[in-house]
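In case you want the letters, here they are:
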Amino acid sequence: MSRKDDRAHRLLREANPLTPEEAPAPTSPRGEALFQRIISSPRTEAKKPFWRRRGALIVLVPAAALAIAGGYALVNRASDPLNVICFQEPSLSSHRTQVSLQGDDLLSACRPLWDPGEQYNPEGRTPAPPLAACLLQGGELAVFPEVGDGDTCTALGLEVATGGEIGEEHRAIQAVQEELFAHFMGTCVAREEATALVKQSLRRHGLVGWRVDAAGQFTTNRPCATLAYNFPGRTITLVPTSSERSS
Amino acid sequence: MPSPVSELAFRRIYQAHFRQIAAYARRRLNEDEADDAVAETFLIAWRRLDQIPEGPLALLWLYAVARRVVGQQYRSTQRRGRLVSKLAGLAREDNSNVGVGLEQQAVHEALARLRPQDREILRLAEWEDLSPSQIAVVMGCSANAASIRLHRAHRRFERALLELEAPIELAPPEEQAT
């Protein structure tokens, strides 16, 4: 590249009026309000047979494959043991917040949202309600405030989550996630090192059926790996990112 | 009522890419128009959730949608005769006397002189930090075509910049006065 080219590149980059960090976050009040507005609008569902729908492929096919291969029960298993959805009201259409789950105590994961001053109790006027853990139809773990007779899950047409949804494999991947988070936090980890770290961690926690997808394009602008967990697909994907975003 | 699976899938996409799409829109439009464009982009994503590819390609899919939305928004603004749309860094021209140097003004002016396609491919490469193969996905062309277009756009940008800078850098003071 000539010096003239270098200068043109530099000038163009310096002319960038906005860095991503200056853009609003999805968790900002405006971002959250837009999200709620969008999901309350009707979706034009594609008229495909159910087995060709993306959700069905993600959730049903791997679950079925597992059931055949490993003898797992399809019911009472969480599709994503790394997250739990906390609902503000005992209704599937109420405001929801996804939080990370460590261990299998779903209620403890959501309860801080009702602490005085927090998202579901901003004025601190009401004590935290009793909570109920349910399993959504897609297999996601969910927590609702209890109503009346305390049979919230059934009232919503959902299974009660008993804690048995979090199996050994779930606990193991949670441990892997926690371990790797410590390695990747605030550090730029290159592809080769990231691949080795993830494989070691998977081995250490006995996750033999899992694979590492390192096919992303790592470049000089995006030299650092961040990790994306696909539990149904039993895959950890290394996503190339710039050094500023690697944490 | 949306299914929890759809909503969760959409939330993941929204949380992962909202910032990049908001930045994309704000680099090209004023704040209010950009907010409208972001809303429209994600509304389309919500309605076409089944068509969004997995993984890093999702962001490119969103950029492609945002590009069309921003284009429509800009044309609509032009039609209304309100040139408040902030093309490239022209947004900064209003504030040109508060901190943007002559060199930066020349860059924005040079960008504004380019054809829209050239301008967009340069911004995708330098501002959104996309590689030619990623630009190809966003612009709906082959990676080879994207590389060639990017190269040509760079040449045209350099020429436009040189033309703008020539009187400033080369002309002696007495000639500038005449």
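Owing to the predicted nature of the structure, the values given are computational and were not obtained by experimental measurement.

Visitor: I would appreciate a short explanation of the overall build of chain B in the present structure.
Guide: Counting its secondary structure elements, chain B contains eight helices and zero strands. When the helices and strands of chain B are placed in sequence order, the string is α-α-α-α-α-α-α-α. Sorting the 178 residues of chain B into buried and exposed places 51% on the buried side. Restricting the contact set of chain B to residue pairs at least 6 apart, pairs at least 24 apart contribute 65%. Counting only carbon and sulfur atoms, one obtains 50% of the accessible surface of chain B, whose full area is about 8500 Å².

Visitor: What is the right way to look at the sheet that holds strand β2 (residues 96-100) of chain A in this model?
Guide: Think of a sheet as strands paired side by side through backbone hydrogen bonds, with each pair either parallel or antiparallel. Residues and elements named next belong to chain A. Reading across from one edge, β2-β1-β4-β3-β5 is the order of the five strands in this open sheet, with mixed pairing throughout. What marks the edges here is a single partner per strand, and that holds for β2 and β5 (159-160). As paired strands, strand β1 (residues 83-87) and strand β4 (residues 141-145) are joined by three bridges and run parallel to one another. In the strand pairing of β4, C86 is matched with V143.

Visitor: Looking at this model, I keep getting lost on the pattern of salt bridges. Mind explaining?
Guide: Where side chains of opposite charge bring their charged atoms close, a pairing between them can arise. This structure, assessed with the given rule, holds 18 salt bridges over all chains. The salt bridge involving A:E179 is made with A:R204; its shortest N-O contact spans 2.7 Å. Note that A:E179 is positioned in helix α6 (residues 168-184) and A:R204 in helix α7 (residues 191-204), a separation of 25 residues in sequence. By relative accessible area, which is 22% here, A:E179 ends up partly exposed. Note that B:E31 and B:R26 form a salt bridge whose closest N and O atoms lie 3.9 Å from each other. You can call B:E31 partly exposed: its relative accessible area is 43%. Within the structure, one salt-bridge network assembled from shared partners comprises B:R27, B:R28, B:E120, B:R123 and B:E128.

Visitor: Is there a simple way to explain the packing of α6(A) against α7(A) in this structure?
Guide: Helix packing for two helices is described by the angle between their axes and how far apart those axes are. Residues and elements named next belong to chain A. Interhelical geometry of α6 versus α7 gives an angle of 150° and a closest axis separation of 9 Å. With respect to their mutual orientation, α6 and α7 come out roughly antiparallel. The two elements α6 and α7 cross, and the hand of that crossing is right-handed. Contacts from I173, V176, E179, L180, H183 and F184 of α6 reach α7 at A194, L197, V198, S201, L202 and R204.

What counts and what doesn't
- Residues numbered from 1 in each chain as written.
- Chains lettered and ligands numbered in written order.
- Predicted model: local features only at pLDDT ≥ 70, side-chain atom pairs only at ≥ 80, totals over all residues.
- Heavy atoms only, no water.
- Helix = DSSP H or I, 4+ residues; strand = E, 2+ residues; numbered from the N terminus.
- Buried < 20%, exposed > 50% of the residue type's maximum accessible area, 1.4 Å probe, protein only.
- Contact = heavy atoms within 4.5 Å.
- Areas by Shrake-Rupley, 256 points an atom, 1.4 Å probe, with all protein chains shown as cover.
- Pairing = 2+ DSSP bridges.
- Salt bridge = Lys/Arg side-chain N within 4 Å of Asp/Glu carboxyl O.
- Axes fitted to C-alpha atoms, helices over the stretch in contact; angles between N-to-C directions.
- Parallel < 35°, antiparallel > 145°, perpendicular 65-115°, else oblique.
- Left-handed = near helix turned anticlockwise from the far one by under 90°.

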